[in-house]
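Chain and residue survey
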Amino acid sequence: EAYLAPSGPLVGKHVLVTSGPTHEPIDPVRYIANRSSGKQGHAIARAAAAAGARVTLVSGPVDLPDPTGVTMVRVESAREMLDAVEKALPAEIGIFAAAVADWRVANAGDQKLKKNAGALPDLKLTENPDILATIAHRNEGRPPLTIGFAAETENVIEHAKQKLAKKGCDLIVANDVSIGTGVMGGDSNTVHLVSASGVETWPTLSKTEVAQRLVERLGQMLKGA
Ligand code: CTP
Ligand code: CA
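Residues numbered from 1 in each chain as written. Chains lettered and ligands numbered in written order. Predicted model: local features only at pLDDT ≥ 70, side-chain atom pairs only at ≥ 80, totals over all residues. Heavy atoms only, no water.

Description of the pairing of strand β12 (residues 191-195)
- Summarising burial for β12: 5 of the 5 residues are buried, a large majority.
- The alternating pattern of β12 places V191, L193 and S195 on one face and H192 and V194 on the opposite face, and all of these are buried.
- Pairing geometry for β12 and strand β13 (residues 198-201), over 4 bridges, is antiparallel. Opposite L193, over in β13, you have E200 as the bridge partner.
- Linking β12 to β13, which pair antiparallel, is a turn of 2 residues. (Buried < 20%, exposed > 50% of the residue type's maximum accessible area, 1.4 Å probe, protein only. Helix = DSSP H or I, 4+ residues; strand = E, 2+ residues; numbered from the N terminus. Pairing = 2+ DSSP bridges.)

This is the structure we're talking about:
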């Protein structure tokens, strides 16, 4: 058997990727979720593996095949996702592509809630941990390259700049989910890279191409190019 020595710009690097939505239980049969196919996050994991990296993909529930050559960690909720991310670190690159639900139900039921004529369930929401901000603001164990995403419906660049500052990450990959491409669940994406060095808009590309270009760029950034 031929032995193929690992090759590619990310050989010897650990890349952690979050992908997909999170599901936050209301009761044993119902949940709150975000719209996310996981296609972009999974494509990034695949591209990083193809670039020679060791890849851990922490994913919420998605209807996608597991990328080959990637360590999969399946989670449901935001809190489980944060736990899995902490267990998977350290990494040279952290890419937080998951659509994490911002809120969970504080008083989730142990039993299925029953419809009760006229009475609505008294659901109390509480905020989920911000996984990206938690990791990016850390002094120890922060991936040297920490990347966030921002799916926006208006003022895309402005919101992305605000998120870059608030989350403390190195780069925000922003897209407008109100236009034809980048539409949730679609196969193409029009993204803007927002960082301290400015804003770079890429042409509309397939999610696979966005992933490959992003991984290539991150390899250069890691080398300080
Ligand atoms: N993110 C996260 N944990 C959360 C919420 C968001 O890790 N609880 C990450 C996402 O994976 C993404 C980035 O933060 O990389 C931006 O997510 P987004 O939902 O756009 O930002 P929010 O700060 O939640 O702002 P809003 O939803 O109000 O636009
Ligand atoms: Ca959010």
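Quick notes on helix α4 (residues 156-167)
- Here α4 spans 16 Å end to end across 12 residues, near enough to the 16 Å set by a 1.5 Å rise per residue.
- Listed as buried for α4 are V156, A160, L164 and K167. Down the axis of α4, the sector holding all buried residues measures 90°, keeping them to one side. Facing away from the buried surface of α4 by more than 90 degrees, the exposed residues are A165 and K166.
- Each element contacted by the buried residues of α4 is listed here: α3 (131-136), β9 (145-152), β10 (171-176) and β12.
- Count one or two residues on from α4 and you reach G168, which has phi positive near 75°. (Expected span 1.5 Å × (residues − 1). Arc of directions from axis to C-beta. Contact = heavy atoms within 4.5 Å.)

A look at the pattern of salt bridges
- Going through the model one piece at a time under the given rule, you end up with 9 salt bridges.
- Across the salt bridge formed by D27 and R30, the nearest N and O atoms sit 2.4 Å from each other.
- Judged by its relative accessible area of 3%, D27 is buried.
- Between D130 and K167 there is a salt bridge whose closest N-O contact spans 2.6 Å. (Salt bridge = Lys/Arg side-chain N within 4 Å of Asp/Glu carboxyl O.)

Comments concerning the side chain of T22
- Looking at the element boundaries, T22 is found in the loop between β1 (14-19) and β2 (23-27).
- There is a polar contact of 2.8 Å between the side chain of T22 and the side chain of E24.
- Apart from residues lying up to four places away in sequence, T22 is in contact with I32, A33, N34, E76, S77, A78, M81, A99, V100 and A101. (Polar contact = N/O pair within 3.5 Å; in protein donor to acceptor, adjacent residues only side chain to side chain.)

Looking at the coordination of the calcium ion (ligand 2)
- Every protein donor of the calcium ion (ligand 2) is listed here as D102 (OD) and D102 (OD), and their distances to the metal cover 2.5 Å.
- Topologically, D102 is positioned in the loop between β6 (93-96) and β7 (103-105). (Donors = N, O, S within 2.8 Å, 3.2 Å for Na, K, Ca; no water.)

Points about the UniProt feature "binding site: CTP" (unreviewed entry) in the protein chain
- UniProt marks D102, K112, P129, D130, I131, L132, F149, K163 and K167 with the feature "binding site: CTP" (unreviewed entry), using the numbering shown here. Taken together, the annotated residues stretch across 66 residues and extend over separate regions, lying up to 37.1 Å apart by C-alpha.
- Summarising the element assignment, L132 is placed in helix α3.
- Looking at L132, the relative accessible area reads 8%, which means it is buried.
- With residues up to four places along the chain from it excluded, the contact list for L132 reads F96, T146, I147, G148, K167 and C169.
- Relative to the elements of secondary structure, K163 occurs in helix α4.
- In this structure K163 touches A150, E152, G168 and I172, once residues within four positions along its chain are discounted. (UniProt positions renumbered as here; feature names shortened; annotations may be inferred.)

Details of the sheet that holds strand β5 (residues 71-74)
- In space, the 8 strands of this open sheet follow the order β5-β4-β1-β6-β9-β10-β12-β13, with mixed pairing throughout. Taken across any chain shown, the strands that pair with only one partner, and hence form the sheet edges, are β5 and β13. For this sheet the average axis-to-axis angle between neighbouring strands, irrespective of direction, equals 15°.
- Across 4 bridges, β1 lies against β6 in parallel orientation. (Axes fitted to C-alpha atoms, helices over the stretch in contact; angles between N-to-C directions.)

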